[in-house]
Amino acid sequence: MGNRRPLIAGNWKMFKTAPEAADLASRLKSLLHDLTDVDVMVAPAFTALGVVADIVKGSAIHLGGQDLFWEREGAYTGQVSAPMLKAAGCSHVIIGHSERRQYFGETNATANRKMKAALAGGLMPVLCVGESEGEREAGQTFPVVKGQLEGGLNGLDAEGLEQATVAYEPVWAIGTGKTATREQAQEVHQFIRGRIKESFGEGIANALRILYGGSVKSANIAELIAMDDIDGALVGGASLDAESFAAIARNAVRPVKDHS
Ligand code: 13P
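Note that the structure is predicted; figures quoted are calculated from it, not measured.

Trainee: Can you help me understand the nonpolar core in this one?
Mentor: As a rule of thumb, soluble globular proteins bury nonpolar side chains together. The biggest cluster of nonpolar side chains holds 72 residues, and the ones touching the most others in it are Leu28, Ile192 and Ile196. Considering each element in turn, this core owes the most residues, six residues, to helix 9 (residues 182-200). Ala43, Val126, Cys128 and Leu211 belong to the second-largest nonpolar core, a separate cluster that totals 10 residues.

Trainee: What is the right way to look at empty space enclosed by the protein in this model?
Mentor: Once rolled over the atoms, a probe with the size of a water molecule shows which space is left empty. Overall, the coordinates contain one cavity of 30 Å³ or more when judged by the stated rule. A volume near 30 Å³ is recorded for the largest cavity. Along its surface, the largest cavity is lined by Gly96, His97, Ser98, Arg101, Cys128, Val129, Gly130, Gln148 and Glu169. The set of elements that each furnish at least two residues to the lining of the largest cavity consists of helix 4 (98-103) and strand 5 (124-129). The residue inventory of the lining of the largest cavity, partitioned by class, reads two nonpolar, five polar and two charged.

Trainee: Can you walk me through the layout of surface pockets in this structure?
Mentor: Here the largest pocket is characterised by a volume of approximately 560 Å³. The element that contributes the greatest number of residues to the lining of the largest pocket is helix 4, accounting for three residues. Of the residues assigned to the lining of the largest pocket, the class counts are nine nonpolar, six polar and five charged.

Trainee: Any chance you could explain the packing of aromatic side chains here in plain terms?
Mentor: Between two aromatic rings, the relevant description is the distance of the centres plus the angle of the planes. As enumerated under the stated definition, the model contains five aromatic pairs in all. With 4.9 Å between their ring centres and 50° between their planes, Phe69 and Tyr76 make a pair best called tilted. A relative accessible area of 14% means that Phe69 is categorised as buried. Residue class for Tyr76 comes out partly exposed when judged on its relative accessible area of 37%. With centroids separated by 6.2 Å and ring planes inclined at 75°, the aromatic side chains of Tyr103 and Phe104 adopt a geometry described as edge-to-face. For the pair Tyr103 and Phe104, a shared accessibility class is recorded, and that class is exposed. Connected via pairs of aromatic rings, a cluster forms that spans Phe69, Trp70 and Tyr76.

Thresholds, definitions, all that
- Residues numbered from 1 in each chain as written.
- Predicted model: local features only at pLDDT ≥ 70, side-chain atom pairs only at ≥ 80, totals over all residues.
- Heavy atoms only, no water.
- Core = buried A, V, L, I, M, F, W, Y, C linked by side-chain atoms within 4.5 Å.
- Buried < 20%, exposed > 50% of the residue type's maximum accessible area, 1.4 Å probe, protein only.
- Helix = DSSP H or I, 4+ residues; strand = E, 2+ residues; numbered from the N terminus.
- 1 Å grid on protein atoms, 1.4 Å probe; cavity = no way out; pocket = protein on both sides within 12 Å on 5 of 7 lines; lining within 4 Å.
- Points joined across faces, edges and corners; volume = space filled by probe spheres on them.
- Nonpolar A, V, L, I, M, F, W, Y, C, P; charged D, E, K, R; others polar.
- Phe/Tyr/Trp six-rings, centres within 6.5 Å; stacked < 30°, edge-to-face > 60°.

Quick look at the structure:
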């Protein structure tokens, strides 16, 4: 049975200079100092990892990268590796975000290489999956998500999956203010957990945290987290403001659920 602690993760995307990120992190640290039942992670831009790491050190706020490259080091101008993220203080890394897929050529195959590199480097990967509006309208949601999941997790073993998190982010709900209904999200989360169960077994499937992402706000997190297979959120816009992100984390304390 899964007894999954909620995880609320903030993806700061290409927002916040290092000084701005430091300010946001300090405010979050003080707003969330007494939060105990929810895990929190923030993923600033690479240039702000150092300052944010210093601020959140010793607090319950975890640090994540927004992407990585699969090689450990080498002549790859502009890239950042797992050991670099780890040394910067990251415990997590976001992989395969739809914006990386849309603008930077990320595929299921490259996401898979990054998943393996993250795990080899001792980072906990957050694999993002999700269909576009056109794919949903064409009734392709499940096949698309299945392909992204199978592609991204290809070749991973149970031990790897124990470190991983999946984020379901329907592309049509990202930054649009159009949140999936909790039923729409739950249906896909349940589908994802079912596929994980088939491939990796029931224990892993029950323990895996599946986050929802797409226009999450303090006003809708409670109804999302109350669903059986929704274990937290990957938050974009609302994570850029300390008060709104802290309110999301506070509202993510869910009613006691029996996952047996
Ligand atoms: P929004 O919360 O701004 O919709 O972004 C979601 C997202 O892409 C998080 O990774």
